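# A look at the structure
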Amino acid sequence: MAGDGGIPPTPPGKTPARNQLKAFGKSLLAAALLGRYEEVFLSVSTLTRLVLELMVRALKKRGALVRGWLSAPLIGLNAPPAVLARLPLGPLGRRSLLALFSQTRKVRRWHALAGSVAAAWLAARSARRVKAEGLEHRRERQRLARKVDEAESYAEWVTATSDLERHEGKHEEDEGARWAKETSLYDRELLKARFAHLLKIREKGDVAEMVYALRTDMLRNLGNMSNKDLYNGRTEVPKAVQDYISEVTLQLKYVTHYDFPDFNVEDKLSFLRETRHAFGRTALVLSGGGSLGTFHVGVVRALYEQNLLPRVLSGSSVGAVICAIVCTRSDLELEDLMEKFCYMDLSFFNNSSLPQILKHLISKGSLHDIGFLAYRLRALLGDYTFQEAYEKSGRVLNICVTAANTNEPPKLLNYLTAPNVVIWSAVAASSAFPFLFMPTHLLAKNRKGEFVNYMNIDKTHCTDRRWRDGSLEEDLPTNGVSEMFNVNYFLVSQVNPHIVPWLALKNLFPPKIAYLIISEWKHRCQQLAEILPDWFPKHALTVFCQRWEGDVTVYKSTSVISYLIMLVRAAMNPTSYSLKMAIAEGQRSTWPKLAGIQANCAIEQTLDQCIRELKSSVNSSLLKQRGRIPSWLNVDFSRENSTDSLVAGQGSAGGPGSDNERGFGQDNLHKLE
């Protein structure tokens, strides 16, 4: 009752401390309202004592609960599950499981909690250490990668790449694993055996046996050493390949320079020529791509600096421009050109702004004027014919053109198929891509050194025969070059905007998946080109059905944004800054390929060098008396317009009433003067 001591009875579920706390709270409120401050002070003191007592009681109760939970077994089962007895493990297996269960029962929850806290602490500490080391590792890798990208020479690039590989641990790869990986790509044992055999012959000093061994089994792809996958991501040639190449080149030089009583110069020349024919040649093929072709300059410079620039070059559109610049220079002029290439004026488009381009497209049907292009090319290349350029430089220039008003196949122009065709007119025709330039005539020199239309036959349709870009049907004329000049190894520089994205697929997908996608795309384009009607512009499809790559392919790396920039710049004149950047990019893209090129071309370069040295030491008249069918270059009347016409033809080429007026028309004649 309320009258017993003034303390109300404790309700069910309520503790005495709580009832007292509630009662003192009411009395405290009443005393405060009545102004009894002494009673308020006593009530607060009592209230504080009760609150503390309540907190201690709650903590003791919670502590007991926590201690009970921590001391409980981690596994709450009192008896093993019945499923253990039904497992088909046999008596021994079941007894082992029961023993493991009984030992697990001894593990308490606080054991697991303490272990978890310790593991979390160790994991956090390790994570902080790994993060710090990883951050430092990434920073160092970024620094080395930046050094690779900023390398200004091949030697600097090799050093920076080696440092980067060493930092990534690639140099610490297990030798056994590396051996197995390389051996699966080529026959290492065959090359080692061949090297040992050649070394043994050279140590004996038997020249006849040395010549026999070199002649009978010296192939470019001996033991699959030309496999391009072997040199991916490598800055050096595998040792077995390098030893074999070094021994072969050493013996070739030994045979060439040493005097043997029964092995004269003519015999040496026969041996070297036949060996070179069996070994094959290398050709550099440059694709089209408008102003993006300044990338080719960097590729050519990188090859030239390492003495790997092939003697056979081929190109279409802007690739033909770069090839023609190289093939119309002598060795001394080419050496000077490589230093000044980035300062050359490669402006071949007469319209430099978008309004001018649109105006010319509406009025003339093309973005740019072919006459301005021909004028710039003539000033850059001179009036050399294919034969004259070959005689001057010793390099074979190939330019592919396509007939604009006939159905004949693409024509490959070189010093054999078109010796009297003027190079600048062939380059202009090869650059006449639809809507970019109008088709144009090919010019040639007659026996008097005058310009005439190529294959000009009066009273036939050939009098107005025009030609355009060869890349429409054969951007990389590998078949024709291979048949004419015994080329079996192609270096390709590819910058065509419609091809580069497909090559970039190899960086996004595995090689086999990328090959499947590209093959399927080519196949579908070929099917459409065959079934569509004749009036449909099939060239838009045939450009995708061609060969895009060579044995080694250097292409312009791109992203989505840079690809859009490529499309805009393709039909605009390059600036001096963009030219320098493109040359640098071409060099850096070529450097990773140089190890494979060196392995495949070192023997060929040595053969060419030995033949040149022997020819220079022999009277040229003796070389003509060897009983073979003379070359066109050795026929006297074939040179009537080869040397003097470069001077005499300057006045007759652009004079009034000449055939050049029919080649480019009266409106463009003033640009050729």
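Residues numbered from 1 in each chain as written. Predicted model: local features only at pLDDT ≥ 70, side-chain atom pairs only at ≥ 80, totals over all residues. Heavy atoms only, no water.

### Focus: the nonpolar core
Stated formally: Here, the term nonpolar core denotes a set of buried Ala, Val, Leu, Ile, Met, Phe, Trp, Tyr and Cys residues that are joined through side-chain atoms within 4.5 Å. Here the term buried applies to any residue with accessible area under 20% of the maximum for its type, exposed to any over 50%, and partly exposed to those in between, with areas from a 1.4 Å probe on protein chains only. Note on contacts: a residue pair is in contact if any heavy atoms of the two residues lie within 4.5 Å.
Counting 93 residues, the largest nonpolar core has Leu303, Ile325, Leu377, Leu381, Phe386, Ile423 and Val427 as its most contacted members. Ignoring any residue separated from it by four or fewer positions in sequence, one finds Leu377 in contact with Val321, Phe348, Gly382, Trp424, Val427 and Ala428. In this structure, Leu191, Tyr244, Leu252 and Phe279 belong to the second largest nonpolar core, which totals 35 residues.

### Points about unusual backbone geometry
The general pattern is negative phi for most residues beyond glycine and trans for most peptide bonds. Put simply, the rule reads: Each helix corresponds to a stretch of at least 4 residues labelled H or I by DSSP, and each strand to a stretch of at least 2 residues labelled E; elements are numbered beginning at the N terminus.
A positive phi angle is found at Asn307, which is not glycine, with a value near 60°. Considering the arrangement of structural elements, one finds Asn307 in the loop between α12 (294-305) and β2 (312-315). Note on Asn307: relative accessible area 55%, which makes it exposed.

### A short note on empty space enclosed by the protein
The cut-off we apply is this: A 1.4 Å probe that fits but cannot get out identifies a cavity on a 1 Å grid over protein atoms alone, an open set with protein on both sides within 12 Å along at least five of seven lines counts as a pocket, and a residue lines either if it has an atom within 4 Å of a point. Grid points are joined across faces, edges and corners, and a volume is the space filled by probe spheres set on the points. Note on residue categories: nonpolar means Ala, Val, Leu, Ile, Met, Phe, Trp, Tyr, Cys or Pro, charged means Asp, Glu, Lys or Arg, and polar means any other residue, Gly included.
Tallying each qualifying case throughout the model produces four cavities of 30 Å³ or more. Empty space within the largest cavity amounts to approximately 210 Å³. Forming the boundary of the largest cavity are 17 residues, of which Gly290, Ser291, Val318, Phe348 and Phe349 lie nearest the centre. It is helix α13 (residues 318-327) that provides the largest number of residues to the lining of the largest cavity, a total of three residues. A class-by-class count of the residues in the lining of the largest cavity yields ten nonpolar, seven polar and no charged.

### A look at the pairing of strand β3 (residues 396-403)
Going by this rule: By the convention used here, strands pair only if DSSP detects at least 2 bridges between them.
Within β3, eight of the eight residues are buried, leaving the element largely enclosed by the surrounding structure. Alternating residues of β3 divide into Val396, Asn398, Cys400 and Thr402 and Leu397, Ile399, Val401 and Ala403, and every residue in both groups is buried. Direction of pairing for β2 relative to β3: parallel, over a ladder of four bridges. Bridge pairing in β3 places Ser314 opposite Asn398. Here β3 runs beside strand β4 (residues 411-413); their pairing, made up of three bridges, is antiparallel. Note on β4: the bridge partner recorded for Val401 is Lys411. Both β3 and strand β7 (residues 467-469) contribute to a ladder of three bridges, which runs antiparallel.

### Points about helix α8 (residues 188-204)
Defined as follows: Multiplying 1.5 Å by the residue count of a helix minus one yields the expected span of that helix.
For α8, spanning 17 residues, the distance from its first C-alpha to its last is 25 Å, which sits close to the expected 24 Å at 1.5 Å a residue. Positive phi appears at Gly205, one or two residues downstream of α8, with a value of about 80°.

### Observations concerning the packing of helix α9 (residues 207-216) against helix α10 (residues 239-257)
The criterion, for reference: For every element, the axis is a line fit to its C-alpha atoms; helices are fit only across the contacting stretch, and the angle between N-to-C directions ranges from 0 to 180 degrees. Put simply, angles under 35 degrees are roughly parallel, angles over 145 are roughly antiparallel, angles from 65 to 115 are roughly perpendicular, and the rest are oblique. Two helices crossing with the near one rotated counterclockwise from the far one by less than a right angle form a left-handed crossing, whereas a clockwise rotation gives a right-handed crossing.
The geometry of α9 relative to α10 is characterised by a closest axis approach of 11 Å and an angle of 130° between their N-to-C directions. When the axes of α9 and α10 are compared, the pair comes out oblique. Seen along the crossing, α9 lies across α10 with a hand that is left-handed. The residues of α10 that touch α9, namely those facing Val207, Met210, Val211 and Leu214, are Val248, Gln251, Leu252, Tyr254 and Val255. By residue class, the composition of the contact of α9 with α10 is eight nonpolar, one polar and no charged.

### A closer look at the packing of aromatic side chains
Short version of the rule: A pair of aromatic rings is counted whenever rings of Phe, Tyr or Trp (Trp by its six-membered ring) have centres within 6.5 Å, and the orientation is called stacked for planes under 30 degrees apart, edge-to-face for over 60 and tilted otherwise.
Considering all chains together, one arrives at seven aromatic pairs under this definition. The interplanar angle of 45° and the centroid separation of 6.5 Å between the aromatic rings of Trp157 and Trp591 together place this pair among those described as tilted. Of this pair, Trp157 sits in helix α6 (residues 154-167) while Trp591 sits in the loop between α25 (576-590) and α26 (594-616), and the two are 434 residues apart along the sequence. Trp157 gets classed as buried once you look at its relative accessible area, which sits at 7%. Judged by relative accessible area, which is 2%, Trp591 ranks as buried. Of the aromatic side chains, those joined through ring pairs into one cluster are Tyr154, Trp157 and Trp591.

### Here's the deal with the pattern of salt bridges
Oppositely charged side chains can pair when the atoms bearing their charge come close. Here is the rule we go by: When a carboxyl oxygen of Asp or Glu is within 4 Å of a side-chain nitrogen of Lys or Arg, the pair counts as a salt bridge.
All told, the structure shown has twelve salt bridges when counted by the stated rule. Linking Arg143 and Glu140 is a salt bridge whose minimum nitrogen-to-oxygen distance equals 2.6 Å. Here Arg143 pairs with Glu140, and both are found in helix α5 (residues 109-149), just three residues apart, close to one helical turn. Residue classification places Glu140 among the partly exposed positions, given a relative accessible area of 24%. In this structure, Arg202 engages Glu247 in a salt bridge whose closest nitrogen and oxygen atoms are separated by 2.6 Å. Taken together, the residues Arg202 in helix α8 and Glu247 in helix α10 connect sequence positions 45 residues apart. Classification of Arg202 as partly exposed rests on a relative accessible area of 31%.

### Concerning the side chain of Thr275
Mapped onto the secondary structure, Thr275 falls in helix α11 (residues 265-279). With a relative accessible area of 1%, Thr275 lands in the buried category. When neighbours within four sequence positions are excluded, Thr275 is seen to be in contact with Arg215, Met218 and Leu607.

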